[in-house]
Amino acid sequence: MSAVAVQRTSLRAGAVAWGVVVACVAATTLAAQGSRRVAPAGIPVRFAEGTVHAFLELHSAEAVLLANGDLVQLPHEGEIESRMTFRFRDSSFFEETVSFTQRGVFALRSYHLVQRGPAFAADLDASLAANGKYVVRSRSHDGESKEYAGTLDMPPDVSNGLPIVLLKNLGPHDTQTVHLVAFMPAPRMIQLRMAPVAEPRVLNGERGEPAVAFDLKPQVSGVAGLFGKLLGKIPPDSHVWIVTQEAPMFVRFEGPLYAGPIWRIDLASPRWPR
């Protein structure tokens, strides 16, 4: 896959997968003074998650198809397990699995991220539990291996793998900041500010559907944040579009799946064999 080969030299080993699912759009500016901040204790469950199976496509910023994938989400013993998988044309592999509860507010229970193959600067296998315990194994393509294990001080709003779910439960004027654990490959706690920036309309055939475009901005405070920006270790902003008519629908994600290039996730339709 030529697009991946061209981008490979710019990829970093760090990984921050923002979440699960997809979108479609154009944009209109929303007045910032109309934004309402949500209390940091947690985002209330307005639309409960359930059983989902969707086909996905992953494209480069130049609209080159990089990978096909699936989103499978299932209830399991009082929790929801959501797994997003991409299989690249160059044999690379990406899988993000998150388990969470939705009792009043959304809360992470466990998280597992796997990336391997030439589309990534290094292979990575990272696990994180709600109690803060983590294990990270990283292996560069020249054979250098690193392993990290320990326990993080976990804020209650750590949301790895959950931003898309959370955005479906925000209103068009709500702003929220949550925490994420970035694997670089050593774990690093960062903040993610999620704010509405536009109210476009998405076309369903000839009919326009109202949507909200959200900006997802990673933030690291203080000196660490300054050096992170200088060294290019803080991922760039991501963008998510959600249709808001009746039940919310995630239609597109655009941003890095880890600290690498800008990619785009779209819903796909099944194709019949000829």
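Here the structure is shown first, and the text comes after it.
Residues numbered from 1 in each chain as written. Predicted model: local features only at pLDDT ≥ 70, side-chain atom pairs only at ≥ 80, totals over all residues. Heavy atoms only, no water.

A.B. asks: What am I meant to see in the environment of Met84 here?
C.D. replies: Among the secondary structure elements, Met84 is positioned in strand β4 (residues 79-88). Residues Met84 and Asp70, 14 residues apart in the sequence, show an inter-C-alpha distance of 5.8 Å. (Helix = DSSP H or I, 4+ residues; strand = E, 2+ residues; numbered from the N terminus.)

A.B. asks: Can you help me understand the side chain of Ser138 in this one?
C.D. replies: When you line up the elements, Ser138 lands in strand β8 (residues 133-140). If near-sequence neighbours (up to four positions away) are discounted, Ser138 is found in contact with Ala122, Asp123, Leu124, Glu144, Ser145, Lys146 and Pro185. (Contact = heavy atoms within 4.5 Å.)

A.B. asks: What is the right way to read the pairing of strand β16 (residues 263-268) from this model?
C.D. replies: Bridge count for strand β2 (residues 52-60) against β16 is six bridges, and the pairing is antiparallel. Looking across to β16, one finds that Glu57 is bridged to Asp266. For strand β15 (residues 249-255) and β16, the ladder comprises four bridges, and the chain directions are antiparallel. Paired with Arg252 across the strands is Asp266, a residue of β16. (Pairing = 2+ DSSP bridges.)

A.B. asks: What should I look at first to understand the packing of aromatic side chains in this one?
C.D. replies: Working definition: an aromatic ring pair is given by the centre-to-centre distance plus the angle between the planes. All chains considered together, the criterion is met by five aromatic pairs. Ring centres 5.7 Å apart and planes at 75° place the aromatic pair Phe88 and Phe120 in the edge-to-face group. A residue pair is termed long-range when its members are at least 10 positions apart, and Phe88 in strand β4 and Phe120 in the loop between β6 (105-116) and β7 (122-129) qualify at 32 residues. In this structure, Phe88 and Phe120 share a single accessibility class: buried. With a centroid separation of 6.2 Å and an interplanar angle of 55°, the aromatic rings of Phe100 and Phe106 are classed as tilted. Phe106 matches Phe100 in its accessibility class, with the two residues each being buried. One aromatic cluster is present, formed by Phe88, Phe94, Phe120 and Trp263 through successive ring pairs. (Phe/Tyr/Trp six-rings, centres within 6.5 Å; stacked < 30°, edge-to-face > 60°. Buried < 20%, exposed > 50% of the residue type's maximum accessible area, 1.4 Å probe, protein only.)

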